[in-house]
Amino acid sequence: MNEQSTIVVAMSGGVDSSVAAALLVEQGYRVIGMMLRLWSEPGSEQSNTCCTPDSMALSRRIAAKLGIPFYSLDAKEQFRNEIVQYFIDEYAAGRTPNPCVVCNRQIKWGVLMEWAHALGADYLATGHYARLRMKDDGRISLIKGIDESKDQSYMLCRLSQEDLQRSIFPLGNMTKSAVRELAHIKGLAAADRADSQDLCFLAHQDYRQFLIRNSPGVIHPGEIVDRDGQVLGKHQGLAFYTIGQRKGLGISSPVPLYVIEKDSIHNRLVVGEEQMLGADTLVAEQFHWISNNLPEEPFTASVKIRYKAPEIHALVVPHQDGKVSIQFECPLRDITPGQWVVIYQGDECLGGGVIASERSIK
């Protein structure tokens, strides 16, 4: 990368993308700001946490202050078809998805990268807290951001070598507090803007109500049963429940009962006592190895079973069919089909896949 490089910055009106753009301008690159207009439910456009009219206006103000061009791009149809529909389909299948992982690969490094290429840009930069490292063989490693509390390498686990070769993460070596301080120093209007915590298209609403409005067909009431198949009550639809849930089951029992399985084949919600929760194995499918190299032998690594979960030491067994089986040292109670399991060695993210089940491959 040299000072003649053109870099598109994915802007959202937030402090992270704003500071990322400011840093690149300061370093002398030709910077272009871009913001994607994503799908929102009709009437909820003001609440979409990624691209409200206010966010758009704020991004334009910041781009103007930095002296860079700014474009807003319509990605509503692609987002609705590829991300929102994925979210709905996963819940319909009895799984609990994390659509942000898919969105990063399909929308940011798909739609946005295509537009960046069309404008002649050399790189795409984002405000993610992650780093890149060149290996001796020329491959790029995805590395955790130094601020472990904000590290977002988990969300980038599906990026390819081609994606990483054209990516820049200006905030990877910064803490969140340092980013906000720099935003104040540079007089950026987003300096004190709160971080978004929710899925953008839910607009701070409960996902259950979203499913009812947008895909009522996923709501199939059925039986609540114990491990022996004894019927204990009725559930409202598997999409409304999560593994480990105790409250809101609508059944009476002398001991607390928890959701231990969602049986989508028979449309049954399986419950049991707390000691029945957890498993020490899982199977992940559609596993993506960032290096493009399938490990030849089992190996030990640190594993995250969801974005905010702690890393757990485990034995990783790769398979030729794109699946990975993982053996933990002790049972984990929150292994949830549909979530992404991401593997690390030290500070390097090796890749990730979708949790398919709690049972290992024999």
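Preceding block: the structure.
Residues numbered from 1 in each chain as written. Predicted model: local features only at pLDDT ≥ 70, side-chain atom pairs only at ≥ 80, totals over all residues. Heavy atoms only, no water.

Draft legend 1. Main features of the overall build of the protein chain. The helix and strand tally for the protein chain stands at seven helices and 17 strands. Relative to its length of 362 residues, the protein chain is compact, with a C-alpha radius of gyration of 22 Å against a globular reference of 21 Å. Along the longest, intermediate and shortest principal axes, the C-alpha atoms of the protein chain span 70 × 50 × 35 Å. For the protein chain, with 362 residues in total, the buried portion stands at 53%. For the protein chain, long-range pairs separated by at least 24 residues make up 66% of all intrachain contacts whose partners lie at least 6 apart in sequence. Working note: accessible area of the protein chain is about 16,700 Å², and carbon and sulfur atoms make up 47% of it. Side-chain charges of the protein chain comprise 37 positive and 43 negative groups, with the mean position of each set lying 4 Å from the other. (Helix = DSSP H or I, 4+ residues; strand = E, 2+ residues; numbered from the N terminus. Rg over C-alpha atoms; globule rule 2.2 N^0.38 Å. Buried < 20%, exposed > 50% of the residue type's maximum accessible area, 1.4 Å probe, protein only. Contact = heavy atoms within 4.5 Å. Areas by Shrake-Rupley, 256 points an atom, 1.4 Å probe, with all protein chains shown as cover. Lys, Arg positive; Asp, Glu negative; His and termini not counted. Charge placed at Lys NZ, Arg CZ, Asp CG, Glu CD.)

Draft legend 2. A look at the packing of helix H3 (residues 76-92) against helix H4 (residues 99-118). Closest axis-to-axis distance for the H3/H4 pair is 10 Å, and the angle between their directions is 165 degrees. Between H3 and H4, the angle is such that the two are roughly antiparallel. As for the relative orientation of H3 and H4, their crossing is right-handed in sense. Contacts between H3 and H4 involve Gln78, Phe79, Glu82, Ile83, Tyr86 and Phe87 on the former and, on the latter, Pro99, Val102, Cys103, Gln106, Ile107 and Val111. Of the residues belonging to the contact of H3 with H4, the class tally is nine nonpolar, two polar and one charged. (Axes fitted to C-alpha atoms, helices over the stretch in contact; angles between N-to-C directions. Parallel < 35°, antiparallel > 145°, perpendicular 65-115°, else oblique. Left-handed = near helix turned anticlockwise from the far one by under 90°. Nonpolar A, V, L, I, M, F, W, Y, C, P; charged D, E, K, R; others polar.)

Draft legend 3. Examining the packing of aromatic side chains more closely. The final tally for this structure, using the stated rule, is eleven aromatic pairs. Taken together, a centroid distance of 4.5 Å and an interplanar angle of 45 degrees make the contact between Phe287 and Trp289 tilted. Assessed through its relative accessible area of 9%, Phe287 is described here as buried. Ring-pair connections join several aromatic residues into one group, and the members of that group are Trp39, Phe79, Phe87, Tyr91, Phe201, Tyr207 and Phe210. Positioned over the ring face of Tyr258 is Arg333, at 5.6 Å from the centre of the ring. (Phe/Tyr/Trp six-rings, centres within 6.5 Å; stacked < 30°, edge-to-face > 60°. Lys NZ or Arg CZ within 6 Å of the ring centre and 35° of its normal.)

Draft legend 4. Up close: helix H1 (residues 15-26). Here H1 contains twelve residues, and its C-alpha end-to-end distance of 16 Å stays within 8% of the 16 Å for a straight helix at 1.5 Å per residue. The buried count for H1 comes to ten of twelve residues, which makes it a mostly enclosed element. Buried residues of H1: Val15, Asp16, Ser17, Ser18, Val19, Ala20, Ala21, Ala22, Leu23 and Leu24, and no others. In this structure, the buried residues of H1 make contact with strand E1 (6-10), strand E2 (30-37), helix H2 (53-66), strand E4 (123-125), strand E7 (167-168) and helix H6 (176-185). Directly beyond the C-terminal end of H1, a positive phi value near 95 degrees is found at Gly28. (Expected span 1.5 Å × (residues − 1).)

Draft legend 5. The arrangement of the side chain of Glu348 in detail. When you line up the elements, Glu348 lands in strand E17 (residues 348-357). Looking at Glu348, its side chain comes within polar contact range of the side chain of Lys135, at 3.2 Å. Here Ser141 takes part through its side chain, which lies 3.1 Å from a polar atom of the side chain of Glu348. Dropping the residues within four chain positions of it, Glu348 is found in contact with Lys135, Ser141, Leu142, Ile143 and Ile343. (Polar contact = N/O pair within 3.5 Å; in protein donor to acceptor, adjacent residues only side chain to side chain.)

Draft legend 6. Focus on the sheet that holds strand E9 (residues 231-235). Taking strand neighbours across the sheet as the criterion, the four strands line up as E9-E8-E11-E10 in an open arrangement whose pairing is mixed. The open sheet has two free edges, formed respectively by E9 and strand E10 (258-263), since each of these has just one partner strand. Going from strand to strand, the sheet's axes swing by 30 degrees on average, the running direction of each strand aside. Bridging between strand E8 (residues 222-225) and E9 involves four bridges; their strand directions are antiparallel. (Pairing = 2+ DSSP bridges.)

Draft legend 7. Spotlight on the nonpolar core. Core analysis: the largest hydrophobic core is formed by 100 residues, its most contacted members being Val19, Phe79, Phe87 and Phe201. In terms of residue count, the dominant contributor to this core is H4 (nine residues). Here Val19 is in contact with Leu171, Val179, Leu182, Ala183 and Leu188, once residues within four sequence places are set aside. Counting residues in hydrophobic clusters, the runner-up holds 21 residues, among them Phe287, Phe328, Ile335 and Leu350. (Core = buried A, V, L, I, M, F, W, Y, C linked by side-chain atoms within 4.5 Å.)

Draft legend 8. Structural view of unusual backbone geometry. A positive phi angle is found at Asn267, which is not glycine, with a value near 55 degrees. As for its placement among the helices and strands, Asn267 is situated in the loop between E10 and strand E11 (268-272). Of note, the phi angle at Gln286 is positive, near 55 degrees, even though the residue is not glycine. Here Gln286 shows up in strand E12 (residues 279-289).

Draft legend 9. A look at the environment of Glu296. Here Glu296 is to be found in the loop between E12 and strand E13 (299-304). The spatial distance from the C-alpha of Glu296 to the C-alpha of Gln320 is 9.3 Å, given a sequence separation of 24 residues.

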